[in-house]
Amino acid sequence: MTPWPSGTGWSASNRARPRWRRPRAPRSARRPRTRMVKVVRERGGNGPGGGRPWCLPLGDRVLLVAVYYRTNLPIRQLAPLFGISSVTVCRVIQRLGPLLALEPAPRPVAGVERLWIVDGTLVPARDRQVGASSSNSRFSANVQVIIDADTRLVLASARPAPREQGRCPRLARVGLPAAAAGTTVIADGAHLGTGLIVPHRGRAGRPLLRGQEEDNAEHRRVRARVEHTFAGMKNWKILRGCRQKGDGLHQAVQAVATLHNLALTG
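Residues numbered from 1 in each chain as written. Predicted model: local features only at pLDDT ≥ 70, side-chain atom pairs only at ≥ 80, totals over all residues. Heavy atoms only, no water.

Visitor: Before we move on, could you go through the overall build of the chain and cite the residues and values that matter?
Guide: Within the chain, the regular secondary structure consists of 9 helices and 5 strands. Secondary structure elements in the chain, listed N-terminal to C-terminal, are α-α-α-α-α-β-β-β-β-α-α-β-α-α. Sorting the 266 residues of the chain into buried and exposed places 40% on the buried side. Looking at the chain alone, contacts between residues at least 24 apart form 60% of all its contacts between residues at least 6 apart. Element-wise, carbon and sulfur atoms account for 52% of the exposed surface of the chain, whose accessible area totals about 16,100 Å². (Helix = DSSP H or I, 4+ residues; strand = E, 2+ residues; numbered from the N terminus. Buried < 20%, exposed > 50% of the residue type's maximum accessible area, 1.4 Å probe, protein only. Contact = heavy atoms within 4.5 Å. Areas by Shrake-Rupley, 256 points an atom, 1.4 Å probe, with all protein chains shown as cover.)

Here you go:
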């Protein structure tokens, strides 16, 4: 065997036993997780509770919740990944999931113009009390979301409701009338009669004027931002088929919105 050249630092033993270094994520990728842990800790996620102490540190528990929302893996598959039981996974999700809820929408500031966008999306759900047979050929719930048009941050989300229910009750439950005082809010044509700015609608025998068509084009251009927000939120696969019951879907939407905001501001 030909020996290795001297001065290269290599030898036969080094070649036979290659060293493997664990790859580390860049700092920009680790920052959102650090902020998640900080948010959960500030909201009491690491506080004392009943029963036995947690077998995982707070950082790993937050990572478990994030992985669950991101991949939508069954609990029986998540448990071996973290070396814990399925019951512990359920406890972690039920304990930390509500702590990732959105903060209340900021109050209007005098002299500052704001533009909000309201829209809804269908989220497939297993719970028959919050979902109904919908236009996407699946049993889904309608989720109304408010975003800021400038920052594209999610400000609030209403509780999921069946598709056939009206829009006005859900907007009232999300607190839009009080939070949007002095704020310009736009929506699509399905929110007609809610007091929001909607596109012009043509009537039979009365086509839209040129100025109205230009207004509708500008309205579509701005309102497309909420569709981009929905696309980013649905990268979290929990919103592609939620198996949670009761408040589980609402907590998942709130948590995904918080994680979406942390990713944008990180």
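Visitor: Explain the pairing of strand β4 (residues 154-157) to me, using residue names and the numbers behind them.
Guide: When strand β3 (residues 139-148) meets β4, the two strands line up antiparallel, connected through 3 bridges. From the neighbouring strand, Val 145 faces β4, where its bridge partner is Ser 157. Joining the antiparallel neighbours β3 and β4 is a turn of 5 residues, in which Arg 152 adopts a positive phi near 65°. (Pairing = 2+ DSSP bridges.)

Visitor: Got a sec to walk through the environment of Arg 152? Specific residues and values, please.
Guide: Mapped onto the fold, Arg 152 is located in the loop between β3 and β4. Among the residues examined, Arg 152 registers a relative accessible area of 34% and is labelled partly exposed. Residues Arg 152 and His 260, 108 residues apart in the sequence, show an inter-C-alpha distance of 9.7 Å. Those residues in contact with Arg 152, other than ones at most four positions away along the chain, are Arg 225, His 228, Thr 229, His 260 and Leu 264.

Visitor: Describe the environment of Leu 64, naming the residues involved and giving the relevant values.
Guide: Considering the arrangement of structural elements, one finds Leu 64 in helix α3 (residues 58-71). Residue classification places Leu 64 among the buried positions, given a relative accessible area of 0%. Taking the C-alpha atoms as reference points, Leu 64 and Ile 93, separated by 29 residues in sequence, lie 7.9 Å from one another. Once residues lying within four places of it in the same chain are set aside, the contact partners of Leu 64 are Leu 56, Phe 82, Ile 84, Val 89, Val 92 and Ile 93.

Visitor: Kindly report on unusual backbone geometry, identifying the contributing residues and their values.
Guide: If you check the backbone angles, Asn 72 has positive phi at about 60° while not being a glycine. Looking at the element boundaries, Asn 72 is found in the loop between α3 and α4 (75-82). Backbone geometry at Arg 152 places phi at a positive 65°, although glycine is not the residue there.

Visitor: So what's going on with the pattern of salt bridges? Which residues, and what values?
Guide: Taken as a whole, this structure holds 6 salt bridges when the rule is applied. The closest approach of N and O atoms between Glu 103 and Arg 43, which form a salt bridge, is 3.5 Å. Of this pair, Glu 103 sits in the loop between α5 (86-96) and β1 (115-124) while Arg 43 sits in the loop between α2 (27-42) and α3, placing them 60 residues apart in sequence. Judged by its relative accessible area of 30%, Arg 43 is partly exposed. Linked by salt bridges that have partners in common, Asp 119, Arg 223 and Glu 227 make up one network. (Salt bridge = Lys/Arg side-chain N within 4 Å of Asp/Glu carboxyl O.)

Visitor: Describe α4, listing the residues and the values that go with them.
Guide: Restricting attention to buried positions, one finds in α4 the residues Leu 78, Ala 79 and Phe 82. Down the axis of α4, the buried side of the element spans an arc of 105°, and every buried residue falls inside it. Turned more than 90 degrees away from the buried face of α4, the exposed residues are Arg 76, Pro 80 and Leu 81. Those residues of α4 hidden inside the fold are in contact with α3 and α5. Gly 83 sits one or two residues past α4 and shows a positive phi near 70°. (Arc of directions from axis to C-beta.)

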